[in-house]
Amino acid sequence: MKIFNSLSGRLEEFKPLSKGKVNIYVCGITPYDTTHLGHAFTYISFDVLIRYLKFKGFNVNYTQNVTDINDRDKDILERAKKLNVPWNKLADFWTQKFLTDMAALNWVFPNHYLKASKQIPQVIDLIQKLLKKSLAYRVNDSVYLDISKISDYGKLSEYNQAKMLKIAPNFEEDLECPEKRNPLDITLWRATKPNQPAHIPSFPSPYGAGRPGWHIECSAISISSLGEQIDIHGGGRDLKFPHHEAEIAQSEGATGKIPFAKYWLHTGVVYYQGEKMSKSKGNLVMVSELLKKYSCNAIRWLLLSHRWNKTWEFTEEKLIKAQKKVDFIEKILALQNNTSQSELIHQFTQILDNNLDTPKALQFLLRLAKQNNPGLKKLYEVLGFLN
Ligand SMILES: [Zn+2]
């Protein structure tokens, strides 16, 4: 099987670190708002990859985190303050909504689904390792990763310092913090400020009360649940820098094991009305709204009719067409017995082995349906369609 690895920038033969086993980590949501189609595209793309790896006989161990706490004042904390609810209640509420939406899309639940707020000891353990190796420094009660000590910092995105400085403000709130040696140094632990408002959570640590940075959470959760090195690390394309770059620096710095993740998989962006679907643009298409009008299988068909690492634009017309296609397939399936045919499986795996070419796999299924081929049902289920 060939898969596009962002780390090398090319298609690579997929060879896991240990035979027959795949450890995969996918960055999860920051739960303060509802699930939109962009989220669904990322998580259903990995859902199909995981189903397919299992179909091929791999033993898959899959972790996803919930960023219910991080070093930012925005997101959850800002929203919780506005609504006057505790941050953890807000996070639980939206996490549950996300899981309900994803369950309705027949999403494979991860083996480990871990909240950052429950992983503070693992985070502290990793920060201790980085401090011991002098890769991190402490100022007052905060701790930062010194990127000047990481010789290959930037190897995933291949951005230079100027480009990093341009992008970082979209993600980081403390670039100008005078405690930092370099504005791009990564916040590992953010100290609780004196007179900090009560709605901001605070956890004890060897450095003083505070809370973990966003990036260190994923390093800690990945290492503690899957080990120091993993096969696949996934997420949306916009996480490449600073989030994934920081994860590599922290994880490889702390453990000395390179690579932290062998394959980096970044999903494409979903556009709507000519712009990236995002909260700030206000052009979100909610999964829960789509589910009122269209079936799980139609939404899955729509998502999988786009290659996982390509950017695409949503239109309702595409979803109407997807619904018609799955309705047609299901009508055929209702009259069939489930038989599996090795020649069909061979053709199907040849398609998906080429960088998980789901658009082509869907065309293949449609052809089988038109031929009333009894091998259809098995392959339809491999892609996670409900039947
Ligand atoms: Zn992450």
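It should be emphasised that the depicted structure is a prediction, and the values quoted were computed from it without experimental measurement.

1. Brief notes about the packing of helix α1 (residues 37–55) against helix α9 (residues 296–304)
- Look at α1 against α9: their axes get within 10 Å of each other, and the N-to-C directions meet at 90°. When the axes of α1 and α9 are compared, the pair comes out roughly perpendicular. Residue-level inspection shows Ala 40, Phe 41, Ile 44 and Val 48 of α1 in contact with α9, the latter providing Arg 300, Leu 303 and Leu 304.

2. Overview of helix α7 (residues 240–255)
- Over its 16 residues, α7 runs 21 Å from end to end, which matches the ideal 22 Å to within 8%, given 1.5 Å per residue.
- Burial runs high along α7: 12 of the 16 residues are buried.
- Taken together, the buried positions of α7 are occupied by Pro 242, His 244, Glu 245, Ala 246, Glu 247, Ile 248, Ala 249, Gln 250, Ser 251, Glu 252, Gly 253 and Ala 254.
- Residues of α7 that are buried sit in contact with α4 (120–132), β7 (142–145), β8 (186–191), α6 (214–226), β10 (230–236) and β11 (261–267).
- Residue Gly 256 follows α7 closely and has a positive phi angle near 75°.

3. Some remarks on the packing of α6 against α7
- Contact pair α6 / α7: the axes reach a minimum separation of 8 Å and the direction vectors enclose 55°. The orientation of α6 with respect to α7, classified from their angle, is oblique. Of the two possible hands of crossing, α6 and α7 adopt the one that is right-handed. Judged by residue contacts, Trp 214, His 215, Ile 216, Cys 218, Ser 219 and Ile 223 of α6 engage Pro 242, His 243, Ala 246, Glu 247, Gln 250, Ser 251 and Thr 255 from α7.
- Each residue belonging to the contact of α6 with α7 can be placed in one class, and the counts come to 6 nonpolar, 6 polar and 1 charged.

4. Quick look at the domain arrangement of the protein
- Parsing the protein into structural domains produces domain 1 (19–267) and domain 2 (294–382).
- Computed from C-alpha atoms alone, the centre-to-centre distance between domain 1 and domain 2 is 33 Å.
- Put simply, the parts of the chain that give the side of domain 1 that touches domain 2 at least two residues each are α1 and β11.
- When residues of the side of domain 1 that touches domain 2 are assigned to their parent elements, the largest contribution, 10 residues, is made by α1.
- Broken down by class, the residue content of the side of domain 1 that touches domain 2 amounts to 10 nonpolar, 4 polar and 1 charged.

5. A look at the pairing of strand β2 (residues 10–13)
- By the bridge criterion, 4 bridges tie strand β1 (residues 2–5) to β2 in an arrangement that is antiparallel. Bridging from a neighbouring strand, Phe 4 pairs with Leu 11 of β2.

6. Some words on the sheet that holds strand β3 (residues 21–26)
- Taken together, 5 strands build an open sheet; the order of strands is β5-β4-β3-β10-β11 and the sheet is parallel. Since the sheet does not close on itself, it has two edges, and those belong to β5 (112–115) and β11, each with one partner. Averaged over neighbouring strand pairs, the angle between their axes works out to 20° when direction is ignored.
- As paired elements, β3 and strand β4 (residues 59–66) share 6 bridges and run parallel to each other. What sits directly across from Val 26, in β4, is Gln 64.
- The strands touched by α6 within the sheet are β3, β4, β5 and β10, with β4 carrying the most contacts at an inclination of about 150°.

7. Quick look at the sheet that holds strand β13 (residues 275–276)
- Taken in spatial order, the 3 strands line up as β13-β12-β14 in an open sheet, and their pairing is mixed. Each edge of the open sheet carries a strand with a single partner, namely β13 and β14 (312–314).

About the thresholds
What you see as residue numbers is a count from 1 along each chain, following the sequence as written. Totals for whole chains, interfaces and linings use all residues, but because this is a predicted model, local features are given only for residues with pLDDT of at least 70 and pairs of side-chain atoms are given and counted only at 80 or more. Axes here refer to lines fitted to C-alpha atoms; in helices the fit is confined to the stretch in contact. Angles between the N-to-C directions go from 0 to 180 degrees. The numbering of helices and of strands both runs from the N terminus, where a helix is a DSSP run of H or I of at least 4 residues and a strand a run of E of at least 2. To sort the angles, those under 35 degrees are grouped as roughly parallel, those over 145 as roughly antiparallel, those from 65 to 115 as roughly perpendicular, and the leftovers as oblique. Note that contacts rest on C-beta atoms placed from the backbone: two residues are in contact if these are within 7 Å. Here a helix's expected span is defined as the number of its residues, less one, multiplied by 1.5 Å. Three classes are used. A residue is buried when 20 or more other C-beta atoms lie within 10 Å of its own, exposed when 12 or fewer do, and partly exposed in between, with C-beta atoms placed from the backbone. A crossing counts as left-handed when the near helix is turned anticlockwise from the far one by less than a right angle, and as right-handed when that turn is clockwise. Lys, Arg, Asp and Glu make up the charged group, whereas Ala, Val, Leu, Ile, Met, Phe, Trp, Tyr, Cys and Pro make up the nonpolar group; the residues left over, Gly among them, are polar. For the purposes of this description, domain bounds are those given by an automatic or database domain assignment. Two strands pair if DSSP finds at least two bridges between them.

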